[in-house]
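Coordinate analysis (summary)
Chain by chain, the residues:
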Amino acid sequence: MKPHRRILVTSALPYANGPIHLGYLLEAIQTDIWVRFQRLRGNECLYVCADDTHGTPIMLKAQAEGISPEQLIEQVNVEHRRDLADMLISLDNFGSTHSAENKVLCERLYIALREAGHIERRTIRQAYDAVANMFLPDRYVKGTCPNCATPGQYGDSCEACGATYTPADLKDPISVVSGTRPIERESEHYFFRLSKFDADLRSWITEGAVQESVARKLEEWFSQGLRDWDISRDAPYFGFEIPGAPGKYFYVWFDAPIGYLASFTQLCERIGVRFDDFFAAGASTELHHFIGKDILYFHTLFWPAVLQGAGLRRPTAVHAHGFVTINGQKMSKSRGTFITARRYLDSFSPEYLRYYFAAKLGPGIEDLDMNLEEFTARLNSDIVGKLVNIASRCAGFISKSSGGKLAASLADRDLFAAFTARAEQIGAAYESLDYAGAIREIMALADRANQYIDQRKPWMLAKNSENAAEVQAICTQGLNFFRTLMIYLSPVLPVMAAKSALFFGEAPWCWSTAGTPLLGTTIQPYEALASRLDMKAVAGLIEPAAAEIAAPVTAAPRAAAPGAVAPGAAAPAMISIEDFARIDLRVAKILSAELIPGADKLLKLRVDLGEQGERDLFAGIRAAYDPANLVGRLTVVVANLQPRKMRFGTSAGMVLAAGPGGKDIFLLSPDSGAAPGMRVK
RNA sequence: GGUGAGGUAGCUCAGCUGGUUAGAGCGUGGCACUCAUAAUGCCGAGGUCGAGGGUUCGAGUCCCUCUCUCACCA
């Protein structure tokens, strides 16, 4: 018997600027299966999470929606809680980083770090938006790459050539908040002296706190030398003000992981657990963080160093996983594959997704592809065809010929023992996050159960009432196989497992229940535990989103939030890359251009869009261009603009041009080599 | 560009410290069965293990080079 473990587990904090989606669910499900497994084994396992609510993106999104950041994060919090609960994520507490508890803890940890000499003040130069009156994070400055001259790059690195730099290096920089050119300004910032923790972190990592492949990845960062970490941001910033530093706020990534502690504090108060049991230096309890591989840096370097520096314990382990792709591609709003938890839950059982993810999830950090056809086939085959089928084909005989009573002894003890003998291996697979391995083992047993029933053919024996005892024995054996398998699967399929326990007339199971067969008791009438998935319905997970794209883009309501930074009047609202992808820009060849009688600003153009064929559109460029000079040239048009009826006909698109109007208007042209129909992106 | 991960049957993946004819599930072809949600069982077809080179008695498994995919870069 293993000693009783006391474990605190977290999932990464979802950012409070959008809904829970399948990518985050992979993490929540991975964590929850592990948590439920630990509880099933009889360990004390507490599971907390919270919304990550601070930072510039939240501040600007709230402004764009005309509400306060507090209102925004409250709305999102309600949705997040509901989505996770409906996904059967067994959180003990779901809090928010914008909580009183978190404020207290941030200050406490910060002061502890300061007292210990881990904080240093430095003056830095940073891009500043003089119109919006705010310092700009690197991602909020765009401009032309100083290395390869690709325009439209973010302030930290170039997506075209991969160069990294600072916003000051950009050519022609603009603030994406106001659209104006940022200036440089000095500001005093607070740095956490991460570089002092190099040796401690290295030993922590070699002690098995992370997966091996992750450790290799971290080696890169160590070999480059750890840089100190800027943990402060200037006002205006949605977050907590730093004690003793008016106008300075904790960077969102400083207060986010502390949100784990804050959420845990709330749980401690509610159920009477001692915070120090889990966080005092040298605590004998376990602390496990589950995260996506994108935030490794924060959780494997900053976070353990901050904890240690503040005199607290370090995590036992940080478990990283890969991302979800849909049908082989990144989730994308424009492809309709950005599937939210809600969209999934509107049509399907949470357990199906839990099973599918579990069946494909290993301990590594590879991405997991969700193929919708495979999802359907896998669920129908494994759950309905194999697993549930065992109960379904045995229960009827027990009810009819034995009055619902199970036989008093097992027909085949050895085969049952073969099932229970796998418990250790399956448990080890769960423990090491090799859920796919666990599922493989379990399904192999399900095959053996079906084989057993097939060989004994109870349906043949049942034709003669003399064989009643034998039929009962076979089906008792079969149902016990099913029971064992459901116990093994209960971390993945908690509701089906609970229903199955009721079907057997038993109290909720624990892991060791599987070791003893259930005999001589009366079972309940069998009711279907799962129903088949329809491929068409599953495909619908994607199509509704695609339909949304076709709808006209409505501008986000914008209102000047009182007391907050008002973006400059000329500032377009921020859009995401997905929003941009909705606009189908195409290279077009102008086939003909003609004057329109009665229209003094318009020209009628016929353009060639390659595979999209030819179409007519009107352009308000008559004052600037002679039709004869336009024929044959290439330009760029918006190809998916809603057709617009005009007095002279219907315009099926829009030509891109810049300038105030009249004679000062300038058509865009692609460089030579572009062909009609090419997508501009 | 740097780094990491990955490239094994149509699909999704197992293959531990190198060792007999490379495995599973799904899909597919055939047969059987009809208790079970067109569920189940049996038999079969399908792979020069990304490419090339090397080490070895022997390599999917180790080393080198190349190539493709994905991710991360504070």
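Since we're looking at a predicted model, the values are computed, not measured.

Let us look at the sheet that holds strand S3 (residues 93–96). Pairing within the open sheet is parallel, and its five strands lie in the order S3-S2-S1-S14-S15. Where the open sheet ends on each side, the last strands, each with one partner, are S3 and strand S15 (317–321). When the angles between neighbouring strand axes are averaged without regard to direction, this sheet yields 25°. In this sheet, S3 lies alongside strand S2 (residues 44–51) in parallel orientation, the contact comprising four bridges. Residue pairing for S3: cysteine 49 is matched across the bridge by phenylalanine 94. Along the sheet, helix H7 (residues 252–271) contacts strand S1 (6–11), S2, S3 and strand S14 (286–292); its crossing angle with S2, the most-contacted strand, is approximately 125°.

Next up on the list: unusual backbone geometry. Residue proline 236 follows alanine 235 across a cis peptide bond; omega there is 0°. You will see that aspartate 172, though not glycine, has its phi angle at about 50°, which is positive. For aspartate 172, the location among the structural elements is in strand S8 (residues 171–175). Phi at lysine 457 takes a positive value of approximately 45°, unusual for a residue other than glycine. Among the structural elements, lysine 457 can be located in the loop between helix H15 (435–456) and helix H16 (458–461). Judged by its relative accessible area of 34%, lysine 457 falls in the partly exposed class.

Another point: the nonpolar core. With 169 residues, the main nonpolar core has Phe264, Tyr344 and Tyr430 as its most contacted residues. Looking at this core element by element, the count peaks at 13 residues for helix H12 (residues 372–402). Other than its neighbours up to four places away in sequence, phenylalanine 264 contacts Leu8, Leu46, Val48, Val273, Phe275, Phe278 and Phe279. In terms of nonpolar packing, the next biggest core, distinct from the first, is built from 21 residues, Ala16, Ile73, Met134 and Tyr140 among them.

To continue, consider the environment of isoleucine 326. With respect to the helices and strands, the residue isoleucine 326 is situated in strand S16 (residues 324–326). Its relative accessible area of 1% is what places isoleucine 326 among the buried residues. C-alpha of isoleucine 326 to C-alpha of aspartate 276: the two residues are 50 residues apart in sequence and 42 Å apart in space. Setting aside chain neighbours within four positions, we find isoleucine 326 in contact with Leu22, Met331, Thr337, Ile339, Asp369, Met370 and Ile542.

Looking now at the environment of serine 195. Its place among the elements puts serine 195 in the loop between strand S9 (183–192) and helix H5 (198–209). Among the residues examined, serine 195 registers a relative accessible area of 35% and is labelled partly exposed. Considered as a pair, serine 195 and arginine 606 are 411 residues apart in the sequence and their alpha carbons are 63 Å apart. The residues contacting serine 195, other than those within four sequence positions of it, are Leu226 and Asp228.

Here the focus is the protein's contact with RNA strand B. Around RNA strand B there are 37 residues in total, and Arg216, Tyr297, Lys330, Ala530 and Arg532 lie nearest to it. Protein-adjacent atoms of RNA strand B, using a 4 Å cutoff, are sugar or phosphate at a proportion of 71%. Note that a sugar or linking oxygen of RNA strand B is positioned 3.1 Å from one of the side-chain N or O atoms of asparagine 389. Arginine 393 is positioned with one of its side-chain polar atoms (N or O) 2.8 Å from a base nitrogen of RNA strand B.

Another aspect to go through is the packing of aromatic side chains. Under the defined criterion, the tally for this structure stands at 32 aromatic pairs. Note on phenylalanine 264 and phenylalanine 275: the rings are 6.0 Å apart at their centroids and 40° apart in plane angle, and the pair reads as tilted. On the criterion of sequence distance, the pair formed by phenylalanine 264 in helix H7 and phenylalanine 275 in helix H8 (residues 275–279) is long-range, its members being eleven residues apart. Of the two residues examined, phenylalanine 264 and phenylalanine 275, each falls in the buried class. With 4.1 Å between their ring centres and 20° between their planes, phenylalanine 419 and phenylalanine 481 make a pair best called stacked. In this pair, phenylalanine 419 is assigned in helix H13 (residues 413–421) and phenylalanine 481 in helix H17 (residues 468–489), connecting sequence segments 62 residues apart. Assigned by exposure class, phenylalanine 419 and phenylalanine 481 land together as buried.

Thresholds applied
Residues numbered from 1 in each chain as written. Chains lettered and ligands numbered in written order. Predicted model: local features only at pLDDT ≥ 70, side-chain atom pairs only at ≥ 80, totals over all residues. Heavy atoms only, no water. Pairing = 2+ DSSP bridges. Helix = DSSP H or I, 4+ residues; strand = E, 2+ residues; numbered from the N terminus. Axes fitted to C-alpha atoms, helices over the stretch in contact; angles between N-to-C directions. Contact = heavy atoms within 4.5 Å. Buried < 20%, exposed > 50% of the residue type's maximum accessible area, 1.4 Å probe, protein only. Core = buried A, V, L, I, M, F, W, Y, C linked by side-chain atoms within 4.5 Å. Near = heavy atom within 4 Å. Polar contact = N/O pair within 3.5 Å; in protein donor to acceptor, adjacent residues only side chain to side chain. Phe/Tyr/Trp six-rings, centres within 6.5 Å; stacked < 30°, edge-to-face > 60°.

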